[in-house]
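A look at the structure
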Amino acid sequence: AITAGGPRRRSCVLRAMSLDAVAYGPSLATLSLECASDNDHFEGLLIGSACYHTSTERADFSDSRHTADIIKVGIEGIMPTGPLHSFYGSSAALDTDAFERHLAQCPKDKRVIGFFRFRRGTSARPSLRERALVRSVYEYLHARRSVDDVPVMLLGIFAREVDHNACTHSFDYAFFYQNAAGILDSVCVRISILTKSSVIEYDEFQVL
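The present account deals with the structure reproduced in this document. Because the structure is a prediction, the values reported are computed rather than measured.

Cut-offs applied
- Residues numbered from 1 in each chain as written.
- Predicted model: local features only at pLDDT ≥ 70, side-chain atom pairs only at ≥ 80, totals over all residues.
- Heavy atoms only, no water.
- 1 Å grid on protein atoms, 1.4 Å probe; cavity = no way out; pocket = protein on both sides within 12 Å on 5 of 7 lines; lining within 4 Å.
- Points joined across faces, edges and corners; volume = space filled by probe spheres on them.
- Helix = DSSP H or I, 4+ residues; strand = E, 2+ residues; numbered from the N terminus.
- Nonpolar A, V, L, I, M, F, W, Y, C, P; charged D, E, K, R; others polar.
- Polar contact = N/O pair within 3.5 Å; in protein donor to acceptor, adjacent residues only side chain to side chain.
- Contact = heavy atoms within 4.5 Å.
- Buried < 20%, exposed > 50% of the residue type's maximum accessible area, 1.4 Å probe, protein only.
- Arc of directions from axis to C-beta.
- Phe/Tyr/Trp six-rings, centres within 6.5 Å; stacked < 30°, edge-to-face > 60°.

**Here's the deal with the layout of surface pockets**
What the largest pocket holds in volume is close to 360 Å³. Within the residue set of the lining of the largest pocket, elements represented by two or more residues are helix H2 (96–103), strand E6 (111–120) and helix H3 (128–144). If you tally residues by element for the lining of the largest pocket, the top one is H3, at four residues. Considered class by class, the residues forming the lining of the largest pocket number ten nonpolar, two polar and seven charged.

**Concerning the side chain of Ser 27**
Relative to the helices and strands, Ser 27 resides in helix H1 (residues 25–37). A distance of 3.2 Å separates a polar atom in the side chain of Ser 27 from the backbone oxygen of Glu 76. Leave out the neighbours within four places in its chain, and Ser 27 touches Glu 76, Gly 77 and Ile 78.

**As for H2**
Of the positions making up H2, those classed as buried are Ala 98, Phe 99, His 102 and Leu 103. Projection of H2 onto a plane perpendicular to its axis shows the buried side chains occupying an angular sector of 140 degrees, all on one side. Among the exposed residues of H2, those oriented more than 90 degrees off its buried face are Asp 97 and Arg 101.

**Re empty space enclosed by the protein**
Applying the stated criterion to the full structure yields one cavity of 30 Å³ or more. Roughly 50 Å³ of internal volume is contained in the largest cavity. Ala 23, Tyr 24, Ser 27, Leu 28, Leu 31, Leu 46, Ile 75, Ile 78, Phe 158 and Phe 175 are the residues that line the largest cavity. Contributions of two or more residues to the lining of the largest cavity are made by strand E3 (18–24), H1 and strand E5 (65–82). Among the elements that make up the lining of the largest cavity, the one with the highest residue count is H1 (three residues).

**Quick word on unusual backbone geometry**
Despite not being glycine, His 85 has its phi angle at roughly 70 degrees, a positive value. Tracing the sequence through the fold places His 85 in the loop between E5 and H2. For His 85, a relative accessible area of 35% translates into the label partly exposed. A positive phi angle is found at Ala 92, which is not glycine, with a value near 70 degrees.

**Some remarks on the packing of aromatic side chains**
Within this structure, the stated rule accounts for ten aromatic pairs. Judged by centre distance (6.0 Å) and plane angle (80 degrees), the rings of Phe 87 and Phe 115 are edge-to-face. Taken as a pair, Phe 87 in the loop between E5 and H2 and Phe 115 in strand E6 lie far apart in primary sequence, 28 residues in all. By relative accessible area, Phe 115 is classed as buried at 1%. Centre to centre, the rings of Phe 116 and Phe 158 are 6.2 Å apart; their planes meet at 85 degrees, and the pair counts as edge-to-face. With Phe 116 in strand E6 and Phe 158 in strand E7 (residues 154–162), the pair connects residues that are 42 residues apart, well separated along the chain. Across the pair, exposure class does not vary: Phe 116 and Phe 158 are buried alike.

**Re the environment of Ala 68**
By the secondary structure assignment, Ala 68 is in strand E5. Given a relative accessible area of 25%, Ala 68 falls into the partly exposed group. Along the chain, Ala 68 and Thr 54 lie 14 residues apart, while their C-alpha atoms are 5.7 Å from each other. Every residue in contact with Ala 68, bar those within four places of it in the chain, is listed here: His 53, Thr 54 and Ser 55.

Pasting the structure below:
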């Protein structure tokens, strides 16, 4: 729509709607392997796509229908950027020059939908610095996005712990997104493209 002030642009604030996120299985497996074999902290960008989707649900015992708008997000790849602080300072201030260099490596048909961090010996919960960094990255990407881009910002945290005798490795991960109020909410990310062998192994798994 064109107004007297020019083309209308969506607000920088995310619209209040639910989020449906799915991650490409092989990419998540690759990242998990990197986390399991790396002894240092590292981070990177989440590559994928996002779109608005309208879902319609029908009530069980009536003809009434309920329509809801959701944001569908696909995490299709990862792009490691190096050790911690690879595109920001100690105060979570974005280093725009370094960030632009990483953005230039993103495939032209995809977009950056968030970032991830791997930390050893910590829980998979966002720190205050990470919360501030999510807002900084979102605002920067919003300023350079096209009108049709769906505003979305995800944070993935991966953590690994090793027990005192180095025999047991505990691996954990969690995803979060910035909601309409600018607050980080946890989000359940479904994993796609499980191979047939993976499904069989899962069905045959037994707790010892």
